[in-house]
Each structure stands twice: as structure tokens, then as C-alpha cells.
Amino acid sequence: MISQFFVLSQRGDNIVFRDYRGDVQKGTAEIFFRKVKFWKEDGQEEAPPVFNVDGVNYFHVKIVGLLFVATTRVNVSPSLVLELLQRIARVIKDYLGILNEDSIRKNFVLVYELLDEVMDFGYVQTTSTEMLKSYVFNEPIVVDATHLSPLGPAGLFMQGTKRMPGTAVTKSVVANEPGGRRREEIFVDIIEKISITFSSSGYILTSEIDGTIQMKSYLTGNPEIRLALNEDLSIGRDYRSSFGSGAVVLDDCNFHESVRLDNFDVDRTLTLVPPDGEFPVMNYRMTQEFKPPFRINALIEEAGALKAEVILKVYAEFPSSITANTIAVQMPLPKYTMRASFELEPGAVGQTTDFKQANKRLEWNLKKIVGGSEHTLRARLTFSQESHGNITKESGPVSMTFTIPMYNSSKLQVKYLQIAKKSGTYNPYRWVRYVTLSNSYVARM
Amino acid sequence: MAPPAQSQRSSSPSQPSGKGEVSDLKSQLRQLAGSRAPGADDSKRELFKKVISYMTIGIDVSSVFGEMVMCSATSDIVLKKMCYLYVGNYAKGNPDLALLTINFLQRDCKDEDPMIRGLALRSLCSLRVANLVEYLVGPLGSGLKDSNSYVRTVAVIGVLKLYHISASTCVDADFPATLKHLMLNDSDTQVVANCLSALQEIWSSGTTTSEEASRERETLLSKPVVYYFLNRIKEFSEWAQCIVLELAAKYVPSDNSEIFDIMNLLEDRLQHANGAVVLATIKVFLHLTLSMTDVHQQVYERIKAPLLTLVSSGSPEQSYAVLSHLHLLVMRAPFIFSSDYKHFYCQYNEPSYVKKLKLEMLTAVANESNTYEIVTELCEYAANVDIPIARESIRAVGKIALQQYDVNAIVDRLLQFLEMEKDYVTAEALVLVKDLLRKYPQWSHDCIAVVGNISSKNVQEPKAKAALIWMLGEYSQDMQDAPYILESLIENWDDEHSAEVRLHLLTAVMKCFFKRPPETQRALGAALAAGLADFHQDVHDRALFYYRLLQYNVTVAERVVNPPKQAVSVFADTQSSEIKDRIFDEFNSLSVVYQKPSYMFTDKEHRGPFEFSDELGNLSIGAESSDTVVPGHRVEANDKDLLLSTAEKEETRGPINNGVYSAPSYDSSLVSLSASQSQPDVAISSPTIPGHAPQSSLAIDDLLGLGVPAAAAPVPSPPPLKLNSKAVLDPSTFQQKWRQLPISLSQEYTVSPQGVGALTTPQALLRHMQTHSIHCIASGGQSPNFKFFFFAQKAEESSSFLIECIINTSSAKAQTKIKADDQSASQAFSSLFQTALSKFGVL
């Protein structure tokens, strides 16, 4: 059971503070913040999400720069508390539309209303956005979304393709549209995070896709929904050999509790009555081979005394109809590197380069990469001392971050999204969106 | 709640410091209090918001209590809620004012809107004022019977709140029985779940240690109750499911078919997206199958995939919590995970607390078939920009090498590290090479060739420097310029800040001298001179000792300083298997994340820094023998685990004694000393296996040929002292106490020839003492000198006795020093200890 819950700003101010049991002293917020801030003298290591100071256990998760914290004296399940903190953040976001310091400060009374019902005496009562609706009486004060950094992967769709209404993901589940009526719509996002390690020869050492089918429903009356996935989808590693190419083989997956799997074994459909708010319908994990969206080629060569040249090449191996956004490539250089001068390919648009003195790192940012294209960066390095031995070993690995809307590497698909009809004219908006993100995308030298 | 001192707590200049603003608020609230004017509620809302926001940032606004209460006479529910929040926060600190709220809260408890009823009841029970409890009983009683389930859920938790304010009021009103009835009959699952939580807390709290409490705890764990919950588990919210699963994990099925029924029923919970549900389910599976080895292993196979999915699907924080549990399982059964090693590769963007866990898992799962790949991967991290992780990775490589898989190749890699010319890599690698050489002296040629090329100037870290110096001394015959390197190091004696390095330098130059006297003589002289002048006591003493030793006889000196060494076979594990078992019992709790059993962090007494001093660090920690005598102690946390220990599941065990943490009802199983004067050994032998233990300890005695008649042993006169057979003390607490406490008794004994004979295996003594409830925390030494640290605890309280016992088998003498929390009991304890020793032949 939980003693206290609080939200701290980046500077350590209390934004919300709720004491449920009164068995932990006040001032824990300060103790906590000091501990997190000065975890290791050198500042190199982050504080773990769970730690104990003088018999009080502190749990925290970081969300949009805020610290969501719970304390207890009891030996509870850490998974439960961390999951709960994450869920509280999600519920608050469902109500406020946007989750950030400003929106919580403006709506703290509403947040207290939620916290009152989420837990009683430190025992979780409910985290269902829908059930909480009947206990919340404050109207959310909506903060301006346009100049705020979006939250989480779903926020990516805001600048994404034209098909998606930008306001959708920042809409509160309780606030009405200006017209007074709610728009009937449902969002299904397939979000995949890719982890790959390429060996120095370009061979894939490890690869994994961690995916989520996330749903956000604004449908009134909670109609039943059927979600059909690829028919040839199989789950479990045993299947790997028995299917030819093209079939999607997941290692494992799990489901939200509202999902019914009665027909899943037959036709790969999920049936559910979506609760209000945002929630993951299904999480999945895949280590089956797939085509990586990018290949990276990195080379560092000595070019005379105290000099070296770096050549970085990035190949986009996805269809030309698709464009990746906000690509960043980073490469640690030998620590005796003094200067780096860059040479972009002729006619390069929207590319920037930088050499970070402090940690001796090369950074290459590209606004966009169109599928099928290839980009090169050359850098000339000047060293402060003679390199002894192998400069390749003293640089790298190259890491890359990117976002690719409307693309997913696993080939998992939502074939159709069926909403149980209330009437012939009922035809809500359905948005099925895909996005691929980098998780750990690394090429060794 | 907030003491007045809190008012000075405002942190930033933009925030109001208190006084002025608060008094402003006060007068504004007063104006509005009686107002029924239109719009008054809106102004009140604004003011209330201000009050709550001050409260949030830590300004004391308790002075407006009266005004807040006056303003709360409203039908506006938002206002009411803010007022309830305020009142809940300040009532405890202002009991007189709290009385003011009773009236309107009680009225609201009868409101026709169930929401208002619920909210008011919740606030009423949250006042935490002891002398107001009489006002709670009525509303709670009707709340529990309310037709609305929301009010009932609130009332159930309200009962628990009341229990914490005044247990007797709660019990007198017969609320626990009502909860029990509700738990088994209510239609609303949240009411049912709250009843379960509340009853668990009530029956396990310190104030209910009666027979009744333990009977009630048993009822909660009875088959009908557990099945009642399990059969409707899917109707519960995901959080309530966790509570039910936690209960099921403690249930003891009567036969195997029950076990399979439960597992089949819960199978689909492993696919839940909530990690807490999955981990709670896994705990049930693991505990149910403990005694079924094959099935237990299948469970490991089954839970692998769901765990890995959880690790990769949640936020970094959630995946850390799951990964900690995976780590525990991997450490328990590495072979099951050996083909999954790639999942434990580190990703560059992971936080270091995740990487550290993964490195340990990689180390653990290394076997013949995957070592090459794992070590290759680890070597990549060694060049990492993240220096702490690079260091850990090198250490991991070393640990794998010490596990004996493919040592050949690994030694090559380690030597490559030395050639990387990064300071920290060299430092870590040197320490490792030293450890490797201690285990595999046959590699000395290859290693020494490389180590010889390292310039000592590039090695700065004391540990690494000490390792290098140790190798210079140990292998001085193979390293051409060893004497000269040592000499140059000695020249810089004054610049060497680490005493550890200087100590090693003294020893190394001695060893070098024995092998290559003419070349080293000068250096040795310089070293001894510098050592004698050293301000550090240890360094000075060692130098003096060497000097005198050399003066006395060089051959003897060589035998002392550089005797032939045996290769180390196993480096001591830092955690005893007993502790590991206990952490496993506490699966799905903080114990797993902290890698400590709960008694080490939930109990005040056991807090404190967890570091080993050199003395204990050099000895092997934990009595290895404890497992053989008392298989897997299971000590439950004092507050949470109200239900019976899992150990009871195993049929082979007799009545369980939960040691210090158990309810005193178990005390009946202890045989008091005064009642059994004629058989003193019964009184102090383990009560775990009554009737059996004394015989077994006698059997050991017989084996050892110690025919000491029990009656002849000195019998201590009352006061009777009973020892706790399952006493627990972690090494750091032991050390702390050892340092703090004065010596209460110190004695010398003679060891009989039989005792000397028995001591060829020091474990025998540990086992023997354990049957007398005296536990070994550390032991060490080589024939003829043995050193033991024991501890014992009183049965009723956690007062401890600490004992140091030094036995020299060649002189047949034993010396003991006893320290005690309770000095007055040390004499009595000493007698017990002596009795125990005498059975072993130490008189």
C-alpha cells in the first residue's frame, strides 16, 4: 500500500501532493529530490526508479520531465507501484488532454479529485478513466497545445501526414468540442520500436521489434469493436520454421484486460469494448528477421599525421513513398580529437552537423530522408596527439534515432476495424496509423 | 497534519511566504462564509483553490480551518471535495477544530446522493483524531450496509482507518466480522477486494497477535476462501487481481491435482498487459511447484516469454522492475536461460541501472556454447563511452573466466584489454589478471609477458597498482626487471598515498628478495626504512615485523612471507544461499529489486550502511553449513506477510518457528531452560525439530568421539536464557555492533584431542554450534589457526550476543570474546556457549 503520492517539477517543486496514510513524515519530497539529483557525485549515473532512504521506499517514473513519485514503508510489489504511477499519469492525461507542468498546475483541483478516487488509504480503487468520470466534477482547463512538446509516441502524429487531425491526441475525454457535441472517432496506432546492432561488417548481430497497438476511443455508448490482424500471424518461437516468408511471427504478446480472444485462434481477430481514454490493446515482441529501414556504413581512416577522415553513409531501405523524420546520427570520436570539419553532399537540404567538444562526439541531423535514398557525410578530424594503435577501436559505435510515419517493419497489420453499428447512419471516424521509431539502432565500427 | 514549523518551508521567491496571504484568505473566506448571493460559490471555489495550492507547496494554512468549515455549508460538490481534502490534511494537528467538522460530515453521511455519502464517510474516517472515534462507528455501520457499492467500498476502507486510530473501538463494534461477511457475500468485486485488503492488514498488525488473529489468518487461506476468490478472479480489477494472486501464492494445496487446477485457471493471467498481474501470477506458479522439480522447471520455461515481453514493452522504470525479477530467476537457474543470452545484451541508450543487471545476467548464463559470443559482446562494452559500464563489463569478462569456460580465449581478451591503453581498462584488467593467476597459475607465462610491458606510471588506481605490485612480487623470477620496477616504486614512497599499495610494496619486495637477493637487497633496505618511518600504523608494523623476521632468520622469513601457495578453487560468494532463498520467497516485492531480504530494509534495527570491513571481508561470509542443518529458513516480514510461511508447504518439515518475526504463539514449542535442568542441551538446541535435534547433535558428538556426558556439563543457574534458533543478523549489522559494543567476557579454553581432530573440517563446529542456536556469521583461517564469528539472539527479543572465537589446534587453545546487547545476560549466555563448546571437545 502506498503512503504518499506526489508530482514534482524539474526544479523539485511540489505540483501535487497527496498523503494517503500519514505514516511517512512530511518533507519526503525534498529528501527524494535531493537523492535523485545527487545520486552519484560524478552525476554519471541515474538514480534507479526504486530506492530506500531511512526505511522509506521511493518509487518514481519520469514523464514529460515531471517526476511522479510514490512512497511507502511496506515491502510492496515494485511492479505494481511503477505500473500505477504510469497509469495515474495516463489517467491525468486523458482528462487534461495534454500532460505537462502547466496543465497540471492549472488543473490541480481536478487532479486531486482523480487522486482521491484512484486510491483510498493507499489501496488502489480504480484507474479506469471511464469509471472515474462519475466522480470528477471539475471541468478541465485546456492549455494551449500548439507550442508544447507533445507527449509520447502518439504525439508524433501531430505533425504527421495530413490525414490525421492534429487535435485528436490532445483532446480531453470529458471536454466537449466547441460545437457542444463530441466527434465520434477512434484512433488505433501501431507503434513499433526497433533495436538493431550491426557488426562492423554490416551483419545484423541482434534485432528486435517491440510493438504496441494503442487505442484511443472517443466513441459514445462504448460499442463493441473487432480488430482483425494478419491472418497468417503466428505467436511463439516454435512456429518460426513452419512458415514461409511473408508470415508474421511474433515471439510473444500480451493484451489489455478488455480484449476477448474467443476468435483469435481461428481468424486472428480481437474483440473488445474499448474503455475511454488511451490504452494499449496489445503489446508484442518480435525477433524474427526483418528488413531494417536503414543501413549504416561508417569508416574512419588515418589521413596523415594527426589527421583522420570519417565517412558516414546512411541508406534508406524503405519504399520511396515513405519519408522518415528527424533523423540523428551520432558517433563518438577518439578522445584526443581536437577539431572536426564537415563536408555535406552537394545540394544537401535540412542537414546540420556538429562536433561536441565536451564528449568528443560527432552529430549529424537530417530533417527528412526519403525512402530509397542515400546520404553521405565526410568529416576531417584533427588530433592533439599521435594515435597509437587502432583508431577504429577508439571511435564509435554509430547510433541513430529516427521516426518513420506510416511504416512498420514487422508487417503486422490491422486488416480491418469493425464497430458494432447502432444505426445505419452511424459511421464514426476511424484512424489506423503506423509509426516506426528507433529504440537502440547501433552500428559498430 | 502539518506542524507549524512547516510554514517556513516555502522554497522559491515566487511563492508566497505565508503569513500575509493566509490572513488575507482568512478574511475573504469569513466574508463569504454566510453569503448566499449568486456567484458566491464561484468566489469560494477560487479561494478554496488558493488554500489547497498553498497546502500543496507546504505553506501552513491550518489557521483558516474555522473559516473553511463555515464555508463548507454548500451544495456545491467541488467545494465540498476541496474542503474534505483540506480537513483531512489538518484535522490530526488540530483535534479541537476537527470537532467542528464532525457535524457537517455526519450530516453528509446521510445525504441522499450516494457520492456525497461516500465522500463524507471517507473524510470522516480520514480525520485521524483518536478522541473522535466514537462519531465514526455509527456512520461506518450504516455505510457497510449502504445500498450503494461506492459507499460500501469507502466504508470498508473506513473500517481499516478506524482500526489504525483505535483498534479496540473497531473490534468492539464487531467490524472485522462484518467485513468477513461482506467479503464472502457482496456482489461488488471492489467491496470484496477492499475487505480482503483490510482483513489482511487487521489480522497481521502488531496489535492482533492473539490466537484469534492466527485463526483468522488461516481462514483467509482456507480452501473455500481461496477458491472463492480464484474462481471469480476475472471479475476483479487488475489491481484487485494482484491482491487475490498474492493470497493464492500463500495457499497450500492439498494435492498435485489442485496445483494443476490452479495453474490452468491462472494460465491466461500471464498474458496480461499489466506487469504487476503477470509477476503476481508467476509468484503463484513458482511457489506452488516448489516441491515438484520437473514442473517447477517447466514453469521457468513458460514464464520466460511473458517476462521478456514485459521488459521490452513498458517504460524504462517498469522494465527495470520486471528485469530485476528476471535477474533473480536467471541467477537461480542460469542454465534455463542460457540460450536467451542475446536478450541480455545492453542497448546503448539504457540507463546504467538496467545495464548493470544485464551484465550480471550475461555473466551468469555463460556456458560452453555461448561464452565466445558473450565475451565478444562484453569486449565491445569495454570500449564504451560509458566508463562505469565499461569497467563492469571487464569485470564480467573476468568473472566468466573464473567460471572456467574457454579460459584460453578469455585470457587472450583480457590481455588485449591491457593493450588498449585506456587507464580505467588497464586498471580493471590488472585486477582481473591477478585474480586469474591466483586460480590458474599455469597462465603465468602469457600473462606475465604482457603485464611486464605495462609501465607502472600508467597505473594510478590503488587497487590496480596493488595488483600489479603483487604480480611483480609473486612472479619476480619470471619478470626480468621486477626488482628495478619495485625499486623505482619505492623511490617514490612518499608520493604513494594509498596504504594498501605501500603494504603490497613491502610484501612484494620481500618476495622478490627471496628469489633474487643480490638485485633486490638495496630496494629492500630502502623499503624497510621507508616503512619504518611510515606514519600509517599498519605499514609501520608490517615493516617492523619483516625487519625483525629477517633479523631472526631469513629462511623462516621466507616461509612466512612467501610460502608455496595453492591455487584458489572458488572465490567466496558474497551472498549466502539462505539469503537468496529468502529473497526468492519474497518474489514480487522490493526485496528482489534491492537484492536483500525484507528484514534488512523494513526494520529499523537492520538499517545502516552495508559494507564489509576488511576483517569480515577476508573471511567467508555466512555459514555455509546452515543450509544443511536448517534447510532454507523462511522468515516472514513482520508487517506484511500475515499468512503462514511458505515453508510449511513442504511436508518434510515439522512445526515451523518463524524466529523473531513470528507471533509469540509459537513460543510454546520452545522448551525453557529452567524446565529442563537435567538436559541443558535440549533447551538450547533448535526447536525446529523438537525431539529430533537433540539426538542428532548427540549423534554428531558421538561421531566425533566426544563422550562428554551431558550431565557433567556446567549447568547455568537461572535466569533461564532461551536462544532463538532462527536468529538473523546481517554481516554489516554484526560489524557495526562488534565495533560499538564493549567486550563483556573473554575466556580461554583447552581443546581436547578429539576436538582438534574434529576441527580438520571447521564446518563441523559451525554445524554443531547451530544445533545450539548459535550461528556462524563468518569463519576463516587455515590450520592450525581458525577464527570464527558467531552470533545468537534471545528467543523473545532481538537482543544479540556476538562471539569471536579463535582456536589454535597446534597449541590446543581456544580464546573467546563475548559481546552482548544486554550485558547482564552475558554471563548466562557464556555458560550456554561453554556448554555448547564442551560438547565439541573445547573445555
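If you're wondering where the values come from, they're calculated on a predicted model, not measured in any experiment. (Residues numbered from 1 in each chain as written. Chains lettered and ligands numbered in written order. Predicted model: local features only at pLDDT ≥ 70, side-chain atom pairs only at ≥ 80, totals over all residues. Heavy atoms only, no water.)

Engineer: Just give me the short version of the overall build of chain A, but keep the residues and values in it.
Structural biologist: Secondary structure summary: chain A contains six helices and 26 strands in total. Burial status across chain A gives 59% buried among its 445 residues. Contacts in chain A between residues at least 24 apart in sequence constitute 70% of all its contacts with a sequence separation of at least 6. A total accessible area of about 18100 Å² is found for chain A, and carbon and sulfur atoms account for 49% of it. (Helix = DSSP H or I, 4+ residues; strand = E, 2+ residues; numbered from the N terminus. Buried < 20%, exposed > 50% of the residue type's maximum accessible area, 1.4 Å probe, protein only. Contact = heavy atoms within 4.5 Å. Areas by Shrake-Rupley, 256 points an atom, 1.4 Å probe, with all protein chains shown as cover.)

Engineer: Would you mind going over the packing of aromatic side chains in detail, with residue names and values included?
Structural biologist: Given two aromatic rings, one states the distance between the centres and the angle between the planes to describe the pair. Under the definition given, this model contains 37 aromatic pairs over all chains. Ring plane angle 50 degrees and centroid distance 5.0 Å describe the contact between Tyr86 of chain B and Tyr90 of chain B, whose orientation is recorded as tilted. Of this pair, Tyr86 of chain B and Tyr90 of chain B both sit in helix H4 (residues 77-90), four residues apart, roughly one helical turn. The residues Tyr86 of chain B and Tyr90 of chain B share a single accessibility class, namely buried. Each member of the aromatic cluster is reached from another via a ring pair, and the members are Phe6, Phe17, Phe32, Trp39, Phe51 and Tyr58 of chain A. (Phe/Tyr/Trp six-rings, centres within 6.5 Å; stacked < 30°, edge-to-face > 60°.)

Engineer: Lay out the interface of chain B and chain A in plain terms, naming residues and giving numbers.
Structural biologist: Accessible area lost upon the coming together of the parts is a frequently used measure of interface size. Every contact between the two is made by 90 residues of chain B and, on the other side, 89 residues of chain A. Where chain B abuts chain A, roughly 7700 Å² becomes buried across the two surfaces, and 52% of that area is made up of carbon and sulfur atoms. Broken down residue by residue, the surface that chain B buries against chain A is led by Trp239, Glu317 and Tyr348 of chain B, which jointly contribute 10%. Viewed at the interface, chain A and chain B are joined by eight salt bridges. Among the salt bridges present, the one from Glu113 of chain A reaches Lys81 of chain B, with a minimum N-O distance of 2.9 Å. (Buried area = accessible area lost by both parts, 1.4 Å probe. Salt bridge = Lys/Arg side-chain N within 4 Å of Asp/Glu carboxyl O.)

Engineer: Describe unusual backbone geometry, and please don't skip the residues or the numbers.
Structural biologist: Residues and elements named next belong to chain A. Here the residue pair Gly396 and Pro397 is connected by a cis peptide bond, since its omega of -5 degrees sits within 30 degrees of zero. Here Pro397 lies in the loop between strand S23 (374-383) and strand S24 (398-405). For Asp54, which is not a glycine, the phi torsion comes out positive at approximately 50 degrees. For Phe121, which is not glycine, the phi torsion reads 50 degrees and is therefore positive.

Engineer: Hey, could you go over the sheet that holds S24 of chain A for me, with residue numbers and the actual values?
Structural biologist: All names here are of chain A. Here nine strands make up an open sheet; going across it, the order is S13-S16-S9-S8-S26-S24-S19-S22-S21 and the pairing mixed. Two strands close off the open sheet at either side, each with one partner strand: strand S13 (252-255) and strand S21 (351-356). Strand after strand, the sheet turns through a mean of 15 degrees between neighbouring axes, direction not considered. Alignment of strand S9 (residues 204-217) against strand S16 (residues 277-286), held across nine bridges, turns out to be antiparallel. Within S16, the residue paired with Thr212 across the bridge is Asn283. This element, helix H2 (residues 78-96), spans S9 and S16 of the sheet and lies at about 135 degrees to S16. (Pairing = 2+ DSSP bridges. Axes fitted to C-alpha atoms, helices over the stretch in contact; angles between N-to-C directions.)

Engineer: If you had to explain the pattern of salt bridges to someone new, which residues and values would you point to?
Structural biologist: When their charged atoms lie close together, side chains carrying opposite charge are able to pair. Scanning the entire structure with this criterion turns up 62 salt bridges over all chains. Glu317 of chain A is the salt-bridge partner of Arg295 of chain A, the closest N and O atoms lying 3.4 Å from each other. Of this pair, Arg295 of chain A sits in strand S17 (residues 294-302) while Glu317 of chain A sits in the loop between strand S18 (307-316) and strand S19 (323-332), placing them 22 residues apart in sequence. Overall, Glu317 of chain A belongs to the partly exposed group, its relative accessible area being 29%. Of the charged contacts in the structure, one is a salt bridge between Glu216 of chain B and Lys180 of chain B, with a shortest N-O distance of 3.1 Å. Of this pair, Glu216 of chain B sits in helix H12 (residues 211-220) while Lys180 of chain B sits in helix H10 (residues 175-185), and the two are 36 residues apart along the sequence. Residue Lys180 of chain B is classed as partly exposed on the basis of its relative accessible area, which comes to 29%. One continuous salt-bridge network, built from bridges that share partners, spans Arg391, Glu392, Arg395, Glu428 and Glu461 of chain B.

Engineer: So what about the environment of Leu402 of chain B? Which residues, and what values?
Structural biologist: Residue and element names in this part refer to chain B. Along the polypeptide, Leu402 turns up in helix H22 (residues 387-402). Sequence separation between Leu402 and Phe571 is 169 residues; the distance between their C-alpha atoms is 8.7 Å. Beyond its immediate stretch of four places on either side in the chain, Leu402 contacts Asp435, Leu436, Lys439, Tyr440 and Phe571.

Engineer: Let's hear about the packing of helix H11 (residues 189-204) of chain B against H12 of chain B: which residues, and what values?
Structural biologist: Packed helices, taken two at a time, are described by the angle their axes make and the gap between the axes. All names here are of chain B. One can describe the packing of H11 onto H12 by two numbers: an axis separation of 9 Å at closest approach and a directional angle of 145 degrees. Crossing of H11 against H12: the hand is left-handed. Taken together, the residues of H12 that come into contact with H11 (itself represented by Leu196, Leu199, Gln200, Trp203 and Ser204) are Glu212, Ala213, Glu216, Arg217 and Leu220. Residues belonging to the contact of H11 with H12 are distributed by class as follows: five nonpolar, two polar and three charged. (Left-handed = near helix turned anticlockwise from the far one by under 90°. Nonpolar A, V, L, I, M, F, W, Y, C, P; charged D, E, K, R; others polar.)

Engineer: I'd like a rundown of the side chain of Asp276 of chain A, residues and numbers included.
Structural biologist: All names here are of chain A. Residue position: Asp276 is located in the loop between strand S15 (269-272) and S16. For Asp276, a relative accessible area of 8% gives the class buried. Among the polar contacts made by the side chain of Asp276, one reaches the side chain of Lys133 at a distance of 2.4 Å. In this view, Asp276 contacts Asp94, Thr129, Glu130, Lys133, Ser217, Leu219 and Asn222; residues no more than four positions away in its chain are not counted. (Polar contact = N/O pair within 3.5 Å; in protein donor to acceptor, adjacent residues only side chain to side chain.)

Engineer: Give me the sheet that holds strand S3 (residues 50-53) of chain A: which residues, what numbers.
Structural biologist: Residue and element names in this part refer to chain A. Strand order in the open sheet made by the five strands is S2-S1-S5-S4-S3, with antiparallel pairing throughout. Whereas interior strands pair on both sides, the edge strands pair on one side only; in this sheet they are strand S2 (14-19) and S3. Along the sheet, successive strands turn relative to each other by an average axial angle of 20 degrees, direction set aside. When strand S1 (residues 4-8) meets S2, the two strands line up antiparallel, connected through five bridges. Residue pairing across strands places Leu8 opposite Asn14, the latter belonging to S2. Where helix H4 (residues 108-118) meets the sheet, it contacts S1 and S2, and its direction lies at approximately 30 degrees from that of S2.

Engineer: Outline the side chain of Ser338 of chain B, listing residues and values.
Structural biologist: Residues and elements named next belong to chain B. Turning to its location among the elements, Ser338 is positioned in the loop between helix H19 (334-337) and helix H20 (352-365). Within the structure, the side chain of Ser338 is placed 2.9 Å from the backbone oxygen of Phe335, a separation counted as a polar contact. Within the structure, the side chain of Ser338 is placed 3.5 Å from the side chain of Asn367, a separation counted as a polar contact. Non-local contacts of Ser338, meaning those with residues more than four positions away in its chain, are made with Val365, Asn367 and Asn370.

Engineer: A description of the pairing of S15 of chain A should follow, citing residues and the corresponding values.
Structural biologist: All names here are of chain A. Because side chains alternate across S15, one face comprises the buried residues Thr269 and Thr271, and the other comprises Leu270 and Leu272, equally buried. Note: strand S10 (residues 225-229) against S15, four bridges, orientation antiparallel. Paired with Leu227 across the bridge in S15 is Leu270. Where strand S14 (residues 259-260) meets S15, two bridges bridge the pair, whose relative direction is antiparallel.

Engineer: Tell me about the pairing of S23 of chain A, and please be specific about residues and values.
Structural biologist: Residues and elements named next belong to chain A. Of all ten residues making up S23, seven are buried, and the element is well covered by its neighbours. Looking at chain direction, S18 and S23 are connected through nine bridges and run antiparallel. Looking at the pairing, Val310 lines up with Ala379 of S23. As judged from the seven bridges shared by strand S20 (residues 337-344) and S23, these two strands associate in the antiparallel manner. Paired with Phe342 across the bridge in S23 is Ala379.

Engineer: How would you sum up helix H25 (residues 444-451) of chain B? Please name residues and give values.
Structural biologist: Residues and elements named next belong to chain B. By the burial criterion, the buried members of H25 are Ser444, Cys447, Ile448, Val450 and Val451. Along the long axis of H25, the arc covered by the buried residues comes to 165 degrees, so they all point the same way. Check the buried side of H25 and you find it contacts helix H23 (407-419), helix H24 (423-439) and helix H26 (462-474). (Arc of directions from axis to C-beta.)

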